[in-house]
Amino acid sequence: MGKQQLDKHVYDNFVMILKDELVPALGCTEPIAIAYAAAKAREVLGQMPESIEMCCSGNIIKNVKGVTVPNSNGLRGIDVAATLGVVGGDASRELEVLESVTSEDVEKTKELVKQGFCRCTLQEGVENLYIVAKVYGKGHSAEVTIINRHTLITKIVKDGEIIYEHKISDSAAEKGDKSLLNVRDILTFADTVAMEEIEEVIGNQIEKNTAISQEGVIHPYGAQIGRTLLDVFGNDVRTRARAKAAAGSDARMGGCALPVVINSGSGNQGMTVSLPVIEYAKEYDATKEQLYRALVVANLISIHQKKYIGSLSAYCGAVSAACGAGAAITYLRGGTYEEVGLTIINTIGNVGGIVCDGAKSSCAAKIASAVDAAILAHYMAMKHMSFQPGEGIIQEDLEDTIKGMGYIGRVGMKLTDTEILNIMIDRVDVHQL
């Protein structure tokens, strides 16, 4: 690939996006966001509350119902996440809010949950990522609102008075302009970015995500998708790429306390986008620099797709993350812009639209399936084979294909998202269907 130079504004934006998006998180990010909001509300209240009320969007409820809250000794649910955040959370740690929780905190949480300390309600007609934590105690109250990003506090209220407010429109300028992302510029950036700009953030992703993946390989978490793949299919690079990503999800969804570096607000996406690339780099004896630049491609292409889909939807984020990983493997193997583009097209044309029915053990299996499709897409692309424009949603232009898939995930699957939630919270009696 040619060593073109990006405009400095675009270059700086891409660096900012990576540093903002690739941050550590402890446990599944939705229950952690609930714990963070609750811990912050208690901090604002200034005392242990007598009760807490959580008002959450359907997507938050969907992604908390079936997943183990980290450091909770196997407990699940919004009430557990919120109560544990109040009892033992450290709001200053943000997505690692529950890292310092003790066994005494867990026991206290169990008692309070049994007593009905936390009340949870579904808030309809709001953003897909929407959390309000309201705490009450000794005649005082505090309220913390999070919208659109797991740590983006948009409003804090104490005793009915707004003491902090953040306009959502201000966030893009602070966090980097994702509208500047496109595949060609991402590849140019990966070719030319100074290693010192990315070394810490990418190195942290490799270290943390590899550690939790290994934990999932060694120990029997969840449905043991990663371990099963290795046991049944052997140890070739294609199997390892699927298994290592799946094993990280096995551990994470099973309540493992190790942190991961996320992508697009998701730990599962952070592992899916990085671990397959790491395995291919090992297989082909890539240098550290080659791996780091490939992971820049993986992360930014995944974020590029998600900007059209949205942070939470009925579209499984493992697909966009695996697509980024597949594109990065093609880049790592010397693929051109055209071949990277074909990898993206081949992945989207195959598994685009896998539904998200919440965070849980089956996420690991969806990750394995999505990575398998991305690997196939890579090998097809290197042979210049691809799905053609006019076949389904595939467009003449690569960027239009990405936009089209994003539109389906954000708009086309909106009703799907609602009906998935209706089944999960028993609004639909499936026995009568």
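Attention in this report is confined to the structure presented alongside it. (Residues numbered from 1 in each chain as written. Predicted model: local features only at pLDDT ≥ 70, side-chain atom pairs only at ≥ 80, totals over all residues. Heavy atoms only, no water.)

Overview of the overall build of the chain
A tally of regular secondary structure across the chain gives 17 helices and eight strands. Here the C-alpha atoms of the chain give a radius of gyration of 21 Å, agreeing with the 22 Å that 2.2 N^0.38 yields for 433 residues. With the C-alpha coordinates of the chain rotated into their principal frame, the extents come out at 70 × 50 × 45 Å. Within the chain, buried positions represent 56% of all 433 residues. A fraction of 76% describes how many contacts in the chain between residues 6 or more apart in sequence connect residues 24 or more apart. When the accessible surface of the chain is summed, it comes to about 17400 Å², and 49% of that surface belongs to carbon and sulfur atoms. Side chains of the chain give 42 positive and 54 negative charges; the mean places of these two sets differ by 2 Å. (Helix = DSSP H or I, 4+ residues; strand = E, 2+ residues; numbered from the N terminus. Rg over C-alpha atoms; globule rule 2.2 N^0.38 Å. Buried < 20%, exposed > 50% of the residue type's maximum accessible area, 1.4 Å probe, protein only. Contact = heavy atoms within 4.5 Å. Areas by Shrake-Rupley, 256 points an atom, 1.4 Å probe, with all protein chains shown as cover. Lys, Arg positive; Asp, Glu negative; His and termini not counted. Charge placed at Lys NZ, Arg CZ, Asp CG, Glu CD.)

Describing the nonpolar core
The nonpolar side chains of soluble globular proteins are, as a tendency, buried together. Ranked by internal contacts, the top residues of the largest apolar core, which has 128 residues, are Ile34, Ile52, Met54, Phe189, Leu300 and Ile344. Top contributing element to this core by residue count: helix α12 (residues 288-309), with twelve residues. Setting aside its immediate chain neighbours within four residues, phenylalanine 189 contacts Leu6, Tyr11, Phe14, Val15, Leu18, Val296 and Leu300. Core analysis: the next-biggest nonpolar cluster, separate from the first, contains nine residues, Val217, Ile225, Ala246 and Ala364 among them. (Core = buried A, V, L, I, M, F, W, Y, C linked by side-chain atoms within 4.5 Å.)

Remarks on a nonpolar patch on the surface
On the surface, Ile423, Val430 and Leu433 cluster together into a nonpolar patch covering about 310 Å² of accessible area. Within the secondary structure, valine 430 sits in the segment after α17 (414-424). Assessed through its relative accessible area of 41%, valine 430 is described here as partly exposed. (Patch = residues over 30% accessible without salt bridge, like charges linked within 9 Å, V, L, I, M, F, W, Y side chains within 5 Å. Salt bridge = Lys/Arg side-chain N within 4 Å of Asp/Glu carboxyl O.)

Details of helix α5 (residues 103-114)
With twelve residues, α5 extends 17 Å from end C-alpha to end C-alpha; this agrees with the ideal 16 Å at 1.5 Å per step. Restricting attention to buried positions, one finds in α5 the residues Asp105, Val106, Thr109 and Leu112. Taken down its axis, α5 places every buried residue within 125 degrees of arc, on the same side. Exposed positions of α5 whose direction lies more than 90 degrees from the buried face are Glu104 and Lys114. Turning to α5, the residues buried within the fold contact α4 (78-88). With its phi angle positive at about 80 degrees, glycine 116 sits one or two positions after the end of α5. (Expected span 1.5 Å × (residues − 1). Arc of directions from axis to C-beta.)

What about the sheet that holds strand β2 (residues 51-56)?
Strands sit in the order β3-β2-β4-β5-β6-β7 across an open sheet of six strands; the sheet is mixed. Either end of the sheet is taken by a strand with one partner, and the two such strands are β3 (118-122) and β7 (161-165). Within this sheet the neighbouring strands show an average axis-to-axis angle of 15 degrees, counted without direction. (Pairing = 2+ DSSP bridges. Axes fitted to C-alpha atoms, helices over the stretch in contact; angles between N-to-C directions.)

A word on the packing of aromatic side chains
Taken as a whole and judged by the stated rule, the model has three aromatic pairs. Considering the side-chain rings of tyrosine 11 and phenylalanine 189, the 5.4 Å spacing of their centres and the 65 degrees angle between planes classify their relative orientation as edge-to-face. Residue tyrosine 11 is found in helix α1 (residues 8-21), and its partner phenylalanine 189 is found in helix α7 (residues 183-192); the two are separated by 178 residues along the sequence. Residues tyrosine 11 and phenylalanine 189 agree in their burial class; the two are buried. Both rings, one in tyrosine 280 and one in tyrosine 284, keep their centres 6.2 Å apart while their planes meet at 25 degrees; by these two values the pair is stacked. When its relative accessible area of 0% is taken as the criterion, tyrosine 280 is described as buried. Linked through ring pairs, Tyr11, Phe14 and Phe189 together constitute an aromatic cluster. The ring of phenylalanine 233 carries arginine 242 above its face, with NZ or CZ at 5.4 Å from the centroid. (Phe/Tyr/Trp six-rings, centres within 6.5 Å; stacked < 30°, edge-to-face > 60°. Lys NZ or Arg CZ within 6 Å of the ring centre and 35° of its normal.)

Description of the environment of alanine 328
Mapped onto the elements, alanine 328 comes out in helix α13 (residues 317-332). Residue alanine 328 is classed as buried on the basis of its relative accessible area, which comes to 0%. Remark: the alpha-carbon pair of alanine 328 and arginine 293, spanning 35 residues in sequence, is separated by 8.6 Å. Residue contacts for alanine 328: discarding those within four places in its chain leaves Val277, Ala294, Val297 and Ala298.

Looking at the pairing of strand β6 (residues 153-158)
As paired elements, strand β5 (residues 140-147) and β6 share five bridges and run antiparallel to each other. Looking at the pairing, alanine 142 lines up with lysine 158 of β6. Bridging between β6 and β7 involves four bridges; their strand directions are antiparallel. The residue of β7 that forms the bridge with lysine 155 is glutamate 165.

Considering the environment of glycine 226
Mapping glycine 226 onto the fold places it in helix α9 (residues 225-233). Spatially, the C-alpha atom of glycine 226 lies 9.2 Å from that of threonine 239, the residues being 13 residues apart in sequence. With near-sequence residues (within four places) excluded, glycine 226 lies in contact with Ala243, Ala246, Ala247 and Asp250.

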